[in-house]
Amino acid sequence: MNSKASAPGKIILFGEHFVVYGTKAILCAINKRITVSVEKTLENNILIDSSVGNLKSEPDKSLNEIDFQLRPFYFLADMMIKKYNPKFGLKIRVDSEIPLGVGLGSSSACCVAAAAAISGIFAKKSKDEILEIAIEAEKTIFPNTSGADCTVCTYGGLIKYDKKNGHSKILSKPNFHLAIANSKIKHSTKEVVSKVKQFKEKNEEKFSNLCKEESNIIEDVLICLKKNDLLEIGKNIMKNQEYLEAIGISNEKLQDMIKIANQSSFGAKITGAGGGGCIFALTDAENIQSTLKKLKEQNYDCFSAEIDYKGLDTF
Ligand code: MEV
């Protein structure tokens with residue numbers, strides 16, 4: 001028996017970084033997916049075939065011996081092998097529609113799809129159980145994860161999330177389109193999060209005020225989502241971008257993309273850790289094409305995306 005699962009990428013609409021310190025965040029799954037397929041093999045080892053690298057290894061190795069990007073897959077496979085002690089090995093294949101390492105949730109989507117596909121060889125698990133092991137797997141590459149990204153990749157749609165109360169689904173179905181542009185500057189979430197930690201430690205009061213401002217705009221946005229008030233959500237997106245600039249995770253290229261996208265969308269901001277990665281612009285059916293055109297004219301790599309309501313899917 002083979003096992004296959006796919007999970008969507010995500011954008012953080014509001015609240016990245018501040019969520020690490022307890023503020024609410026709003027996340028949105030997007031219709032670009034990562035698929036993980038798992039087969040049983042005769043040899044008793046773990047094989048990984050992905051665009052970020054390949055691996056053939058025995059189980060029970062220290063994670064330090066495993067290539068950083070492949071650790072979540074190895075961790076999950078090894079965990080299941082230890083639990084079920086099978087007489088076969090596992091071959092894991094990863095296919096992605098999401099550019100990797102640019103703030104669109106590729107790591108989380110990998111962890112969620114891999115948790116479902118690898119565990120699916122052995123037993124049926126609920127989405128809640130999959131999420132729990134996916135977050136464990138994500139911690140092998142990013143120990144301080146808030147868990148927000150894996151949560152939205154598992155359940156799909158729009159969620160609000162905070163570390164203390166966990167997630168809840170946002171039931172409104174706003175009618176927006178997203179223009180996503182990739183700066184092609186690779187970033188490490190772990191490094192950017194630790195840079196923000198240093199900023200916070202040096203500027204406790206400023207950071208705490210920004211967390212309050214962030215909470216205020218999120219409360220406003222939760223009301224606006226019910227009314228599909230894209231104009232007001234867009235204004236809040238621009239405010240959120242100012243807060244991200246204040247904590248030092250923006251740069252010239254990201255700001256240029258945002259300036260261009262702001263000309264025809266409701267508002268644009270960084271999504272995810274920043275320091276590189278992607279920005280998104282909030283648009284509707286009318287201004288999505290003009291926003292993408294303006295970004296393309298300046299040679300920025302961009303594409304449109306919509307909300308994915310499905311979340312984790314298993315085959
Ligand atoms: C990364 O996509 C989002 C951050 O807020 C980190 C996290 O929530 O774990 C920067």
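So, here's what we can say about the structure. Quick caveat, the model's predicted, so the values are computed rather than measured. (Residues numbered from 1 in each chain as written. Predicted model: local features only at pLDDT ≥ 70, side-chain atom pairs only at ≥ 80, totals over all residues. Heavy atoms only, no water.)

Turning our eyes to something else, we now look at the side chain of Ser106. Relative to the elements of secondary structure, Ser106 occurs in helix α2 (residues 106–120). Among the polar contacts listed, one links the side chain of Ser106 to the backbone nitrogen of Gly101, at a separation of 3.1 Å. Non-local contacts of Ser106, meaning those with residues more than four positions away in its chain, are made with Ile34, Ile98, Pro99, Leu100 and Gly101. (Helix = DSSP H or I, 4+ residues; strand = E, 2+ residues; numbered from the N terminus. Polar contact = N/O pair within 3.5 Å; in protein donor to acceptor, adjacent residues only side chain to side chain. Contact = heavy atoms within 4.5 Å.)

Let us now look at the nonpolar core. Within the largest apolar cluster, 100 residues are counted, with the highest numbers of intra-cluster contacts made by Val36, Ile92 and Phe176. Among the elements that make up this core, the one with the highest residue count is α2 (10 residues). Counting contributing residues per domain, this core is built from domain 1 (2–172) and domain 2 (177–306), each supplying no fewer than three. When near neighbours in sequence (up to four residues on either side) are disregarded, Ile92 contacts Val36, Ser37, Val38, Ile46, Leu47, Ile48, Asp49, Phe73, Ala77 and Ile118. (Core = buried A, V, L, I, M, F, W, Y, C linked by side-chain atoms within 4.5 Å. Buried < 20%, exposed > 50% of the residue type's maximum accessible area, 1.4 Å probe, protein only. Domains from an automatic or database assignment.)

Once that is clear, we can look at the pairing of strand β2 (residues 25–41). Counted residue by residue, β2 has 13 buried out of 17 residues, so it is predominantly covered. As defined by bridge partners, strand β1 (residues 3–14) adjoins β2 across 11 bridges and the pair is classed as antiparallel. Counted as the bridge partner of Ala7 is Ile34 from β2. Looking at chain direction, β2 and strand β5 (residues 89–96) are connected through eight bridges and run antiparallel. The residue bridging Glu39 from the neighbouring strand is Lys91, located in β5. (Pairing = 2+ DSSP bridges.)

Moving on, we come to the packing of aromatic side chains. For the coordinates displayed, the defined rule picks out five aromatic pairs. Measuring from centroid to centroid gives 5.9 Å for Phe88 and Phe122, while their planes differ by 15°, and the two rings are stacked. Here Phe88, found in the loop between α1 (71–84) and β5, pairs with Phe122, found in the loop between α2 and α3 (127–138); they are 34 residues apart in sequence, far enough to count as distant. Given a relative accessible area of 17%, Phe88 falls into the buried group. On the basis of relative accessibility, which here comes to 18%, the residue Phe122 falls in the buried class. In this structure an aromatic cluster arises from ring pairing among Phe18, Tyr21, Phe199 and Phe207. Above the plane of the ring of Phe88 lies Lys40, whose end atom (NZ or CZ) is 4.7 Å from the centre. (Phe/Tyr/Trp six-rings, centres within 6.5 Å; stacked < 30°, edge-to-face > 60°. Lys NZ or Arg CZ within 6 Å of the ring centre and 35° of its normal.)

Attention shifts here to the packing of α1 against α2. Where α1 contacts α2, the axes come no closer than 10 Å and their chain directions differ by 25°. Judged by the angle between their axes, α1 and α2 are roughly parallel. In this structure, the crossing between α1 and α2 has a hand that is right-handed. Of the residues in α2, those touching α1 at Pro72, Phe73, Leu76, Ala77 and Met80 are Cys110, Cys111, Ala114, Ala115, Ile118 and Ser119. Per-class residue counts for the contact of α1 with α2 are 10 nonpolar, one polar and no charged. (Axes fitted to C-alpha atoms, helices over the stretch in contact; angles between N-to-C directions. Parallel < 35°, antiparallel > 145°, perpendicular 65-115°, else oblique. Left-handed = near helix turned anticlockwise from the far one by under 90°. Nonpolar A, V, L, I, M, F, W, Y, C, P; charged D, E, K, R; others polar.)

Read these as geometric descriptors, not functional statements.
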